[in-house]
Structures are given as structure tokens and as C-alpha cells.
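Remarks on the overall topology
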Amino acid sequence: MKDLFEIARSGLIASQKNSTVTANNIANADTPGYSRQRVNLQPVDYNINGSSMGLGVKAGDVVRVRDGLIDKQIQLKNQELGGLNANSRIYGQLESLFITKSGGDLDKNISDFFNSFSDLANNPQDINLRNVILSNSQTLVNKFHSLGNGLNQIKDETQNDTGNIINKINSLLKDIAETNISIAHSHAVGKSDNTSKDLQTQKLNDLSKLIDFNTTTDNNGALEIRIGGLLVLSGSHASSIKPEITDPGSKMNLRLDNGKLLNVQKGQLASEVKMINNVIPDLQTKLDNLASNIVQNVNQVHTSGYGLNDSVQRNFFDPSKTTAATIQINQDIQTHPGDIAASSVAGEAGNNQNALGLVNLRDKNVMNGKTFFQNALGLISEPGITLSSIKSEIQTKQSAQQMLQNQQDSVSGVNLDEELSKLIKFQNAYQASAKVMVAGKQMYDTLLNMI
Amino acid sequence: MEQAVETNDLSLLLHSVENLIIGYDQADELLQSQIHAVIANDFEKLNDLISRQIDHYEELSGLESSFREQLSSAYQKVSPDNSKPKLAKLLQLYTGSTGRLNALRDDLLRKVNHVRILSLQLLDLLKYAQDLNVNTLRAVMATTEQHGVHYNQSGKTDGRSISNFSIDQKG
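Rules of the game
- Residues numbered from 1 in each chain as written.
- Chains lettered and ligands numbered in written order.
- Predicted model: local features only at pLDDT ≥ 70, side-chain atom pairs only at ≥ 80, totals over all residues.
- Heavy atoms only, no water.
- Helix = DSSP H or I, 4+ residues; strand = E, 2+ residues; numbered from the N terminus.
- Buried < 20%, exposed > 50% of the residue type's maximum accessible area, 1.4 Å probe, protein only.
- Contact = heavy atoms within 4.5 Å.
- Areas by Shrake-Rupley, 256 points an atom, 1.4 Å probe, with all protein chains shown as cover.
- Pairing = 2+ DSSP bridges.
- Phe/Tyr/Trp six-rings, centres within 6.5 Å; stacked < 30°, edge-to-face > 60°.
- Expected span 1.5 Å × (residues − 1).
- Salt bridge = Lys/Arg side-chain N within 4 Å of Asp/Glu carboxyl O.
- Core = buried A, V, L, I, M, F, W, Y, C linked by side-chain atoms within 4.5 Å.
- Bend = angle between axes of the 7 residues up to and from the residue.
- pLDDT = per-residue confidence, 0-100.

It is worth spelling out the overall build of chain B at this point. Of regular secondary structure, chain B possesses four helices and two strands. Looking at chain B as a whole, 39% of its 171 residues qualify as buried. Look at the contacts in chain B between residues 6 or more apart in sequence, and 60% of them connect residues 24 or more apart. Accessible surface computed for chain B: about 9300 Å², of which carbon and sulfur atoms make up 49%.

Have a look at this one:
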């Protein structure tokens, strides 16, 4: 008799655990990051005099139905997409800075500037045309200032955002360390803490959008995380990352709290650091070079000519201010448009040779084998071209990520209809079985009365 | 009279009891398998075992009928009261050697009782599983608030809501 009770008791426990898990699956059907769970059932055998007897079933661990390999692939895609999305956002800002809807962009400003000298060459003594030159020059200078300041602003905003990302990473590492404690405690008593594991997977997915990392599991079931080969999380201890910029012009470094330099390759943080250290400074350098070349070349020609009022040779732009952020028109020229040097000979008001020399600069390949206009066009188009390519890459990667997510959902997601139909199917089978049992009981009673 | 019973009827009864013992061994095995199928949530196996169980009951019912006929026939010869024939009584009234049939009767009695208890255990398990299922279904209905909409003859909704599920707890 004992074996019968054992079978029934183990059956009741197993059935109860199974139903609880099904109910839990259903209740969490809409919970983000929840993995479907199932009970591992193990048969129990009892050995009597060498022969094995079935003693029912043992309800084992409740395990998560989840594909770890897909999780890793999703995290890799998250890293790539996190970086691409950050690039897309910043390149979008850069494109908006360089290309305006009104069309008054740097290439047009340069073109207008040199074209106004062409008009002056037709009538070198016309004071109104000289004022037009000053107006176009100021527009060009303002554009350089606005672009220079705009780049600095985007860089500053990106640096602030990097600080926020680092805070998020540090917070996620702490959260994962906390789940490690819970998982290790359960592991120590031979149990599986599925809720903490789900939470950990979700946190890892969030982390993977921000930074690239590798994970391993230690002997206690706890997760270890390495970033750029450096251990940043082990057991309950999580290191924190700090940004480091020694002075405004220098590059941003990332350090762990133990002082080690961190090398990040993928994810939002890596992209933003690359933007701060490489992409934006590169654009700033190109913009400064363009401003500096215009100042030098225009001044070189301008100082060889004369204005209407005297025989003094003057710079058109202030030669001490040669960056995009500082470029300025010479104060004398600004206050006396007559000092614009259209003539190549002092005292010859009708001479236009110097003005023609300045016009010639428009079509000369003075910088990188290209004209100023071509250089400006290349510079302002660069963010837009890169952005277009990034957007296309994002679409491809998003499709791949969606496919992986669907695969994971089909493995670990809870299908409410499936769970319900399963319950109803079982209910019908239980009812059928019970009816057969009742019929059988009458037959046993009849026979017992006869023997 | 008693000699007639021993030579003819008792040998037939002995054969019937042997068949019933084999039948109840099979019943025991089928019930054990059903318990395991319910515990393991193995729907396919449970359905298969239910149909096998029905077939087997028909077989057992046939064996039981022929046993009843043989017992009635033998019992008539030793007792005028044939309304409730019983093998144990027959063996008591018979003065000759009944060792083999007695042993088989004890064995059958033990096996039928075992199967009876096993079927009660399975019934308890099935009732428990059904109750859990009903509770789970109720919880699902409560959490998902899955209700259908009732449309009247003009094709408009009339405000009544209908549950998508109905639960037969009687089993």
C-alpha cells in the first residue's frame, strides 16, 4: 500500500507544481523579458531485492525555456545597433547643422563672397558694391562662427550624453551584481532563481545597447562580465566606469575605478566616444582649415592691392584669427569699404586688376587640389552621406535583430492561446478518464461480491 | 453431486479465475500508466491509455460474465439459494480438496482490491488536476478579461458580454 500512496503523493506534488508554473506563465504573458518556464519531471524508482519498482514522479527544478545562444546573438546585434543609432543621431545633428532648409549654406556663402568681387571688378569705384562685399563677407564669417560653435555644442552635448550613458552602465552593472547574489544563493541550495535570471537577461540586453562585453558564468552560477578584456563584474562586486578629459581639447578616456584604461569597441558609448575623439574634431579641423585657407589666400591677394582712399596695403581678414570660431573681417575694411583693394596700382581708382585676382581665387584649386567651393561642398555633405549609409545599415541590422527576437520569443515567449487550449484539452482528458474509472469501480465491486 | 462439481464446474471455474487474474494484472498496469501520464502531463499517452482502458474493461466484463455463469451453475448444485452465488461459500460447502482454487481466489481477491484502490487513487488525482485546471482557467479569465461581444439581429452590439470559456466542473 505504501507504494500507492507514494505514487499519489508525488503525483499530486508534481501536478500542483506543473499547474502553478502554467498559471505563472499565463499571468506573465505580457511581462517584458519573462521566459516561459517548465517543470523538470523525474521518475522515482524504488529498489527492492534488486528489482526496480516505479514510485511515481519527482517534480524537479522549474527551468527557464530560453535559448542562451540566441540571447548572445541578440546582445551582439544590440551592441551594433546601439552604436549605429548613436551615430545616426549625432550625424543627424551634424547634417542639420551643415545643411539648412533655407539653402544659405557654407558653399553658397563662399560662392556669394567671391562673386561679389566679380561685380566690383565691373565697377571698382561703386561704393554700394563694396558694401555688398562687406555684407557677403560678414555672412560668410557668421556662417563659419555658427558652424564652429555648432560643432562645439554638439561635442559638448555628446560629452554630457556620454556621462549619462556611463551612469546607466554603472547602474546596470550594480543591478546585475545584485541578481548574481540571488542566483548564487539559489544555486548553493540546488535551486534555480528564474526570476533573477530573467531580470539578469533583461539587464544584459539593456547593457548590450550601451557597451560591448563578454560574459562567463562562475562555479556558483553567477555571471562575470569583461569589457575590453578587463573584469568589471564578478560575483557581487561591480566596478564603475569614469570618463576622463584632462583639458577641453584633449580626448576622452574611460577608466575603471581601479585606474585601468578601458577600451570599448561597440555600443552607444563607443560610438559617442569616437564622435567626441575623432569625428567631430576631424570636422572641426576641416572647417578650421577652410577658414584659415580663405583668410590666407584672400589676404595674400588683397595685400597686393590698394583701396580708393590711400596707398596702404591691408589684409581683408584679421590675419591673427584663422579658425572657424574666430575668423574676422579686418576692422579697417569693415569701417571703410573704400579700403577694399580692387586696384593693383595705388591711386588708380578705376583699376580692377586686384579685384579680378580675388575673383580668380574662386576657381583656383587652392586647397587639397580643389576650389574653396568644392572643399565646402565636400565638408557640408559629409555628415549627410555618412548618415544615409548608417540608416541603411540600421535597417539591415534591425531586420536581423527582429528575426533573432522572434526566434527567442517562439522559444521562451508565452502563447496564451496555447496554454489555454492545453488546459482545456487536459480537462477533457481528465473527465474522460474519471468516467472510465467510475465504470470500472462498479465492475470491481460486483466481482468482489462474487469471490 | 459434489463429485460432479469438482470434475466439471470447478475446473472451469479455476480456468476463469486464472483468466481474471491475468486480466486484473493488466488492469493494474494500465492504471499505473494512467497515473504516470496524468502526472507527466502527457496528453497523447493519457488519451491512448483511456481508449485501451475501455477496450480492456470490455474484455474484463466478458471474463466476469463467464465466471458468473460458471459460478451460478456450480453453486446451484450445492445450494438451493442461487440469488447471490459466491465462490468462497461454494468452496466452504465443497468437502473435497480446493487448495489450488482457494489460493487462486486469494490471489484474485488481492489483485481486485489493489486495482480498486489504484482506481480510487487515480480518481483522486484526476479530481485534483481538474480543480487546479479550473482555478487556472478562472485566473486566466480574470487576468485577461476575455469576453466576447454579443450582436443582436440587426448586427449591433447590445451591451451584453459573453465569457469565451465555460467550465464543466462536474466531470
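Picking up where we left off.
Residues and elements named next belong to chain A. Reading across the sheet, the three strands line up as 7-8-9 and stay open at both edges, with antiparallel pairing between neighbours. The open sheet is flanked by strand 7 (241–244) and strand 9 (261–262), the only strands paired with a single partner. In the sheet, strand 7 pairs with strand 8 (residues 253–256) via four bridges, with the strands oriented antiparallel. Residue pairing for strand 8: K242 is matched across the bridge by R255.

Right, let's get into the packing of aromatic side chains. Applying the stated criterion to the full structure yields eleven aromatic pairs over all chains. Each ring, one from F316 of chain A and one from F317 of chain A, has its centre 5.0 Å from the other, and the planes form 80°; the classification is edge-to-face. Of the residues examined, F316 of chain A reaches a relative accessible area of 0% and is grouped as buried. Arranged with centres 5.6 Å apart and planes meeting at 75°, the rings of F426 of chain A and F43 of chain B form a pair that is edge-to-face. Here F43 of chain B lies in helix 2 (residues 43–78) and F426 of chain A lies in helix 10 (residues 416–450), a pairing that spans two chains. Classification of F426 of chain A as buried rests on a relative accessible area of 7%. Counting every residue linked through ring pairs, the aromatic cluster contains F113, F114, F117, F316, F317 and F372 of chain A.

Below, the discussion takes up the pairing of strand 8 of chain A. Residues and elements named next belong to chain A. Burial along strand 8 is one-sided: L254 and L256 are buried, and none of N253 and R255, which face the opposite way, are. Sheet topology places strand 8 next to strand 9; two bridges connect them, and they run antiparallel. Paired with R255 across the bridge in strand 9 is L261. Connecting strand 8 to the next strand, strand 9, in antiparallel fashion are four residues, including G259 with a positive phi near 95°.

Time to look at helix 3 (residues 106–122) of chain A. Since one α-helical turn is 3.6 residues long, residues separated by three or four positions face the same way. With 17 residues, helix 3 of chain A should cover 24 Å at 1.5 Å per step; its first-to-last C-alpha distance of 25 Å lies within 8% of that length. Within helix 3 of chain A, burial applies to L106, D107, N109, I110, F113, F114, S116, F117, L120 and A121 of chain A.

Below, the discussion takes up the pattern of salt bridges. Any two side chains of opposite charge can pair, so long as their charged atoms come close to each other. In the structure shown here, the tally under the stated rule is 25 salt bridges over all chains. Note that K286 of chain A is salt-bridged to D282 of chain A, the shortest N-O span being 3.6 Å. Taken together, the residues K286 of chain A and D282 of chain A, both in helix 6 (residues 267–302) and four residues apart, mark about one turn of the helix. Residue class for D282 of chain A comes out partly exposed when judged on its relative accessible area of 36%. R110 of chain B is the salt-bridge partner of D107 of chain B, the closest N and O atoms lying 2.8 Å from each other.

Membership of the largest hydrophobic core comes to 54 residues, with the highest contact counts inside it found for L106, I110, F144, L290, V298, F316 and F317 of chain A. When residues of this core are traced back to their parent elements, those giving at least two are helix 2 (68–98), helix 3, helix 4 (127–188), helix 6, helix 8 (353–363) and helix 9 (372–412) of chain A.

Okay, helix 6 of chain A next. Residue and element names in this part refer to chain A. Taking 1.5 Å as the rise per residue, helix 6 with 36 residues should run 52 Å; its terminal C-alpha atoms sit 50 Å apart, in good agreement. Along helix 6, the largest kink reaches about 50° and is centred on M275. Within helix 6, 26 of the 36 residues are buried, which leaves it mostly tucked inside the rest of the structure.

Taken residue by residue, chain A gives an average pLDDT of 86. The fraction at 70 or more is 84%. Per-element confidence in chain A ranges from a low mean pLDDT of 56 for strand 2 (residues 51–64) of chain A to a high of 96 for helix 6 of chain A.

All names here are of chain A. Here strand 4 (residues 223–227) lies mainly inside the structure; four of its five residues are buried. Across four bridges, the pairing between strand 3 (residues 214–217) and strand 4 is antiparallel. Counterpart to T215 in the pairing with strand 4 is I225. In this antiparallel pair of consecutive strands, strand 3 and strand 4, the connection spans five residues, and G221 shows a positive phi of 85°. The pairing of strand 4 with strand 5 (residues 230–234) spans four bridges and is antiparallel. Across the sheet, residue E224 finds its bridge partner in strand 5, namely S234. Here strand 4 hands over to strand 5 after two residues, with G228 in that stretch at a positive phi of 55°.

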